[in-house]
Number of protein chains: 2
Amino acid sequence: MAEGQQKTGTTRIQARNREAILTAALEVFSTFGFRGSTLDQIADVAGLSKPNMLYYFGSKDAIHAELLAGLLDTWLDPLRALDPKGDPVAEIIAYVHRKLEISRLYPRESRLFANEILQGAPRIMSALEGELKALVDEKAAVLKLWADERRIAPLPPHHLIFSIWALTQHYADFDVQVRAVLGEGHDPFAEADAFLDTLFRKLLAP
Amino acid sequence: MAEGQQKTGTTRIQARNREAILTAALEVFSTFGFRGSTLDQIADVAGLSKPNMLYYFGSKDAIHAELLAGLLDTWLDPLRALDPKGDPVAEIIAYVHRKLEISRLYPRESRLFANEILQGAPRIMSALEGELKALVDEKAAVLKLWADERRIAPLPPHHLIFSIWALTQHYADFDVQVRAVLGEGHDPFAEADAFLDTLFRKLLAP
DNA sequence: TGCCGATTTGACCATCTGGTTGAAATTGCG
DNA sequence: CGCAATTTCAACCAGATGGTCAAATCGGCA
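What counts, and where the lines are drawn
- Counting from 1, residues in each chain are numbered in the order their sequence is written.
- Whichever chain is written first becomes A and whichever ligand is written first becomes 1, with later ones labelled in order.
- Local features in this predicted model are restricted to residues of pLDDT 70 or higher, and side-chain atom pairs are both shown and tallied only at a pLDDT of 80 or more, whereas totals for entire chains, interfaces and linings draw on every residue.
- The side-chain values count all of the structure's non-hydrogen atoms but skip hydrogen atoms and water molecules.
- Counting from the N terminus, the helices are the DSSP runs of H or I reaching at least four residues and the strands are the DSSP runs of E reaching at least two.
- Exposure categories follow from relative accessible area, calculated using a 1.4 Å probe and restricted to protein chains: below 20% of the type maximum is buried, above 50% is exposed, and the middle band is partly exposed.
- When checking whether two residues touch, look at their non-hydrogen atoms; a contact exists if any pair is within 4.5 Å.
- The accessible surface values rely on the Shrake-Rupley method and a 1.4 Å probe; as for residues, cover is taken only from the protein chains in view.
- Counting rule applied: Lys, Arg positive; Asp, Glu negative; His and chain ends not counted.
- For the purpose of locating charges, the reference atoms are NZ of Lys, CZ of Arg, CG of Asp and CD of Glu.
- The nonpolar core is taken to be a set of buried Ala, Val, Leu, Ile, Met, Phe, Trp, Tyr and Cys residues, with the residues joined through side-chain atoms within 4.5 Å.
- Defined in terms of a 1.4 Å probe, buried area is the accessible area two parts forfeit on being brought together, summed over both.
- Only one rule defines a salt bridge in this text: a Lys or Arg side-chain nitrogen within 4 Å of an Asp or Glu carboxyl oxygen.
- Any pair of nitrogen or oxygen atoms within 3.5 Å is treated as a polar contact; in protein, a donor-acceptor pairing is required on top of that, and neighbouring residues in sequence qualify only through side-chain atoms on both sides.
- Each residue after the first adds 1.5 Å to the expected span of a helix.

Trainee: Hey, could you go over the overall build of chain A for me, with residue numbers and the actual values?
Mentor: Each helix and strand in chain A was counted, giving 10 helices and zero strands. Ordered by position in the sequence, the α and β elements of chain A form the string α-α-α-α-α-α-α-α-α-α. Taken over 206 residues, chain A has a buried fraction of 50%. Considering only intrachain contacts with a sequence separation of at least 6, the fraction spanning at least 24 residues in chain A is 67%. Element-wise, carbon and sulfur atoms account for 54% of the exposed surface of chain A, whose accessible area totals about 9400 Å². Each charge sign in chain A was given a centre, from 23 positive and 28 negative side chains, and these centres are 3 Å apart.

Trainee: Give a detailed account of the nonpolar core, specifying residues and quantitative values.
Mentor: Core analysis: the biggest nonpolar cluster contains 142 residues, and Phe200(A) and Phe200(B) have the highest contact counts within it. In terms of residue count, the dominant contributor to this core is helix 7 (residues 125-148) of chain B (nine residues). If sequence neighbours within four positions are ignored, Phe200(A) has contacts with Ile93(A), Val96(A), Leu160(A), Ser163(A), Ile164(A) and Leu167(A).

Trainee: Can you break down the interface of chain A and chain B residue by residue, with the values?
Mentor: Contact with chain A, which involves 54 residues of that partner, is made by 54 residues of chain B. Interface area for chain A against chain B, summed over the two sides, is near 4600 Å², with a carbon-plus-sulfur share of 72%. If you sort the residues of chain A by the area they bury against chain B, Leu118(A), His159(A) and Val181(A) come out on top, with a joint share of 16%. Our enumeration of links across chain A and chain B arrives at zero salt bridges. Linking chain A with chain B are 10 residue pairs in polar contact (both at pLDDT 80 or more), by the criterion used here. If you list the elements that add at least two residues to the side of chain A that touches chain B, you get helix 1 (11-32), helix 6 (107-118), helix 7 (125-148), helix 8 (157-173), helix 9 (175-182) and helix 10 (188-204) of chain A. Ranked by residues supplied to the side of chain A that touches chain B, first place goes to helix 8 of chain A with 12 residues.

Trainee: I'd like a rundown of helix 7 of chain B, residues and numbers included.
Mentor: Taking 1.5 Å of rise per residue, the 24 residues of helix 7 of chain B would be expected to cover 34 Å, and the 32 Å separating its terminal C-alpha atoms lies within 8% of that figure. All buried positions along helix 7 of chain B are accounted for by Ala127(B), Leu128(B), Leu132(B), Leu135(B), Val136(B), Lys139(B), Ala140(B), Val142(B), Leu143(B), Trp146(B) and Ala147(B). Looking at the buried residues of helix 7 of chain B, the elements they touch are helix 9 of chain A together with helix 4 (60-80), helix 5 (88-105), helix 6 (107-118) and helix 8 (157-173) of chain B. Looking one or two places after helix 7 of chain B, you find Arg150(B), whose phi comes out positive at around 65 degrees.

Trainee: Can you break down the pattern of salt bridges residue by residue, with the values?
Mentor: One pass over the full model with this rule turns up 30 salt bridges over all chains. Residue Arg80(A) is joined to Asp73(A) by a salt bridge in which the shortest nitrogen-to-oxygen separation is 3.5 Å. By relative accessible area, Arg80(A) is classed as partly exposed at 36%. Residue classification places Asp73(A) among the partly exposed positions, given a relative accessible area of 37%. The shortest N-O distance in the salt bridge between Arg123(B) and Asp61(B) comes to 3.1 Å. Taken together, the residues Arg123(B) in the loop between helix 6 and helix 7 and Asp61(B) in helix 4 connect sequence positions 62 residues apart. Residue classification places Arg123(B) among the partly exposed positions, given a relative accessible area of 41%. One network of salt bridges, in which partners are shared, links Asp73(A), Asp77(A), Arg80(A) and Glu131(A).

Right, dumping it as structure tokens:
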């Protein structure tokens, strides 16, 4: 129940184990989904016994919740960085590259998120309707302004953002399909980086 | 073991029940994933008892396999219809609209497929590397020819196809997120239809 | 109508799974 | 070193889950 770490926390072991558990859980949850994952599986990957793991996180849900909680911020940061005062095309293109880079570096996080959304976002719906919608609306307003000023092509701002999400996350979430179709001798993310650069430059040109 | 329907199959009841089971299983599997779904759940949705359901399909895996088997064809048909002798831009745009229409009409199938890919495609990897890759390579060659002839912009054909998949499936697989962000008073698919039309026309313009 | 295979089901089973417990091992610290 | 707090885990538990089976019911046809 208690989290430990009252007064002088035995931070050494606690930090290491909590980290190991979350890393293992991310690996397992992102591959098999919440219900498809078992505590034994996670404990095994984390190198702990199941009771020991439950000593740090009280339940399977608690582990999953902790992962999801950290996720949305990581997810939104690249969009937050989109600067209304910057050059429109450059800002948007930079956002595309940042998002693709995140797909490349954190595919497990991407798949965890995808799993959650696919199942109807039961645990983060409120965050979608709140935090996410607010940020997107704010940035969409910026995009609309840029469009009105003829600095980018006139496009529905929300769908422009969706297209960035769809195209970048596809390379993380559908990685196995991309690789299966491309076959050997390809670097999917490098190729995607160039392709998406071209795509959005053509799309945004006024 | 036997499929029934030897000689004069009692096709009436068999057909109805198999259909009910597959429909229910699609609904449940696409929402909760394979391991996240239970036979009781599926049987309940199908309006049958669990043993009765297992009378028609020997196991949970058998039901899932049957669904996946039918899926790939439905998935590839729109791409097959891309005509090398047609007008390049018109053919590709038509493909985009067909694919989006399928996302709209068959979101459950889309999510079932997405679930499978997300988990590493353990059950359809061979189909991806075989049937799917073959078809994509064939159509990619057509796209490359069109590009070489300057009838469309020069773009990496495989990634062009990926972009169509990513953008259309996004509206099915991430439907709840799209709706959460857009809020009330939107018709996501209608807006997507117009947006993707614009996007690909600009992208493909030589 | 009565027969026979097709269909349906209640009861049951072995295994898996999330979670608990109590006691032992380890650790940090005065 | 000694000891209290922290950490670890073998053994266990209750409920869920995939699957089985024998018996009951149904449906069409001779």
